[in-house]
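# Descriptive analysis of the structure
Residues per chain, in single letters:
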Amino acid sequence: MDALDLLLNRTSEPKLVAPAPQGEALETLFQAALRVPDHGALHPYRFVLIEGEGRQRLGQVCQAALLESDPGADDKARDKALHLLERAPLVVAVISCIQDHPKVPAFEQQLTAGLAAHAMQMAAVAQGFGGIWRTGSYAVHPKVRAALGVSGEDEIVGFLYLGTPVKTKFKVPRPDSNGFVSRF
Ligand SMILES: Cc1cc2nc3c(=O)[nH]c(=O)nc-3n(C[C@H](O)[C@H](O)[C@H](O)COP(=O)(O)O)c2cc1C
């Protein structure tokens, strides 16, 4: 796929089925993540693969998180939380790993972790797969953080849902860049 075509026409795909990237294709995603701009070459991220029954196990954590935040949550909401991670065959939790550094503030390290998430999504699209970057309230809930071993300044930057798109999207609308650009 042409690089500009990917940059200009990529879309997120919420409806994903098997297969997800695996083997060499999955390794390509990680290599893309490891190539993003990274001040100080700190590699301030890690990736947790959630697949198979791991999706249900993390779903149970999400359900427990929901019930802690909202003990009166109805059956529909409980069920939604339980099956949240099953919306794709593979979910990659992208987690920032902030290091104390004299020249690279935490903010820049969070950006690098975000770039890694985007690079993985783009590498998936370039190989014919699809994905969507999600966060939501569970990404910051202490129970979900604890389940994924996230503490301190580190963040769950995103859950990257990956798989094969159910349908191909039409061309994306092209917004006018004028409202976002000025000259100094
Ligand atoms: C940091 C971040 C968090 C996001 N969290 C969610 C989310 O929780 N749920 C969601 O539907 N979309 C979320 N999105 C947006 C989607 O990834 C996607 O960009 C959006 O659905 C628009 O689709 P498009 O990328 O094809 O334009 C998030 C995006 C970013 C960058």
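What counts, and where the lines are drawn
- Residues numbered from 1 in each chain as written.
- Predicted model: local features only at pLDDT ≥ 70, side-chain atom pairs only at ≥ 80, totals over all residues.
- Heavy atoms only, no water.
- UniProt positions renumbered as here; feature names shortened; annotations may be inferred.
- Helix = DSSP H or I, 4+ residues; strand = E, 2+ residues; numbered from the N terminus.
- Buried < 20%, exposed > 50% of the residue type's maximum accessible area, 1.4 Å probe, protein only.
- Near = heavy atom within 4 Å.
- Polar contact = N/O pair within 3.5 Å; in protein donor to acceptor, adjacent residues only side chain to side chain.
- Areas by Shrake-Rupley, 256 points an atom, 1.4 Å probe, with all protein chains shown as cover.
- Nonpolar A, V, L, I, M, F, W, Y, C, P; charged D, E, K, R; others polar.

Looking up the protein in an unreviewed UniProt entry gives the name Putative NAD(P)H nitroreductase, with the organism given as Gallaecimonas xiamenensis 3-C-1. According to the UniProt record, the Sequence similarities (unreviewed entry) comment for the protein is "Belongs to the nitroreductase family."

### Some remarks on the UniProt feature "binding site: FMN" (unreviewed entry) in the protein
Per the UniProt entry, the sites bearing "binding site: FMN" (unreviewed entry) are Arg10, Thr11, Ser12, Arg35, His39, Trp133, Arg134 and Thr135 in this numbering. A stretch of 126 residues holds the annotated residues, and the largest C-alpha distance among them is 27.8 Å, long enough that they do not meet in one place. Counting through the fold element by element, Arg134 comes out in strand 4 (residues 130-134). In this fold, Thr135 is placed in the loop between strand 4 and helix 6 (142-147). On the accessibility criterion, Thr135 (44% relative accessible area) is partly exposed.

### Observations concerning the site of the ligand
Close to the ligand lie nine residues; Arg10, Thr11, Ser12, Trp133 and Thr135 are nearest. Measuring from an oxygen atom of the ligand, one finds a side-chain N or O atom of Arg10 at 2.9 Å. Take Ser12: an N or O atom from its side chain is 2.5 Å from an oxygen atom of the ligand. Considering the ligand on its own, with 620 Å² of exposed area, one finds that the protein chains cover 50% of that surface. Considering only residue class, the shell around the ligand consists of two nonpolar, four polar and three charged.

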